[in-house]
Amino acid sequence: MNKKINIAKLIDHTLLRPDATETEIFKLCEDAKQYGFFSVCIHPSFIKTAKELLTASPVKISTVTGFPLGATLTNVKIYEAIESVIAGADELDIVINTGHAKSGNWKAVEKEISGIINATPQAVHKIIIETCCLTDDEKKTASSVVINTGAEFIKTSTGFGPSGAKVSDIKIINSVTKGKIGIKAAGGIKKLEDAIALINAGATRIGTSSGVEIMNETL
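Parameters at a glance
- Residues numbered from 1 in each chain as written.
- Predicted model: local features only at pLDDT ≥ 70, side-chain atom pairs only at ≥ 80, totals over all residues.
- Heavy atoms only, no water.
- Helix = DSSP H or I, 4+ residues; strand = E, 2+ residues; numbered from the N terminus.
- Contact = heavy atoms within 4.5 Å.
- Expected span 1.5 Å × (residues − 1).
- Buried < 20%, exposed > 50% of the residue type's maximum accessible area, 1.4 Å probe, protein only.
- Axes fitted to C-alpha atoms, helices over the stretch in contact; angles between N-to-C directions.
- Left-handed = near helix turned anticlockwise from the far one by under 90°.
- Nonpolar A, V, L, I, M, F, W, Y, C, P; charged D, E, K, R; others polar.
- Pairing = 2+ DSSP bridges.
- pLDDT = per-residue confidence, 0-100.

1. Some details on the side chain of His13
Phase 1 of the analysis: Within the secondary structure layout, His13 lies in strand S1 (residues 11-15).
Phase 2 of the analysis: In this structure His13 touches Leu28, Asp31, Ala32, Phe37, Ser39, Val40, Cys41, Thr208, Ser209, Gly211 and Val212, once residues within four positions along its chain are discounted.

Spelled out as structure tokens, the structure:
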């Protein structure tokens, strides 16, 4: 396969701005179909709209849970995750409680993630650890915790923090996960060279709002 196809199949085409409109969601879905992106990543309120637009399409629907701060009550996160799956979401990008992580309360982090996963077994779970808020040792611990929960992916960032995906963070995560689960790089990925560097470091999925621009670079 050529580079264009390889990159496209790794991209979650993302629109998570708070002011995103239905018109923009329509274009997002049309672009995803045109370029063959793996999924669209949208807010839960747009899942049903995207489901209608992507009928008979192989493009999956990713949505976010506890986004973007991760400080929502656990029961609220579980409810949001269940309702998102009922609405048609295939994958859930779940933000951990960073305050618990920074407090060293990793048992609470693991329990919450496990609770969401157990409530939505039919979905793929991508756990956002917001790497910009963690030390390198905390990134390693977070990676181990995510593996323990049975999640399918660990994800670097919401894109709403001070910084997003970094090659160094992917390498740290990869040193712990060792291929046991996927790694999604997200946040600030705007160019083809950025995506390729992250993939070479170990990322198996790319979350970006610049998917079309990245694909145009491959032409």
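2. Quick look at helix H4 (residues 74-87)
Phase 1 of the analysis: In this model H4 runs 20 Å from its N-terminal to its C-terminal C-alpha over 14 residues, within 8% of the 20 Å that 1.5 Å per residue would give.
Phase 2 of the analysis: Here H4 has its buried residues at Lys77, Ile78, Ala81, Ser84, Val85 and Ala87.
Phase 3 of the analysis: For H4, the secondary structure elements touched by its buried residues are helix H3 (47-53), strand S3 (60-65), strand S4 (91-95) and helix H6 (106-119).

3. Side note on the packing of H6 against helix H7 (residues 136-149)
Phase 1 of the analysis: Where H6 contacts H7, the axes come no closer than 9 Å and their chain directions differ by 35°. Our pair here, H6 against H7, has a crossing hand that is right-handed. Together, Trp106, Val109, Glu110, Ile113, Ser114 and Ile117 of H6 and Glu138, Thr141, Ala142, Val145, Asn148 and Thr149 of H7 make up the contact between the two elements.
Phase 2 of the analysis: Looking at the contact of H6 with H7 residue by residue, the class counts come to six nonpolar, four polar and two charged.

4. Overview of the sheet that holds strand S2 (residues 39-42)
Phase 1 of the analysis: Spatial ordering of the closed barrel is given by S1-S2-S3-S4-S5-S6-S7-S8, a layout of eight strands whose pairing is parallel. Strand-to-strand twist in this sheet, taken as the mean axis angle between neighbours without regard to direction, amounts to 25°.

5. Points about the confidence of the model for the protein
Phase 1 of the analysis: On average, residues of the protein score 96 in pLDDT, and 98% of them reach the 70 mark or higher.
Phase 2 of the analysis: The secondary structure element of the protein with the lowest average pLDDT is helix H1 (residues 3-8), at 68, and the one with the highest is S4, at 99.
Phase 3 of the analysis: The low-confidence segment residues 1-5 (pLDDT under 50) makes six contacts with residues lying over four places distant or belonging to another chain.

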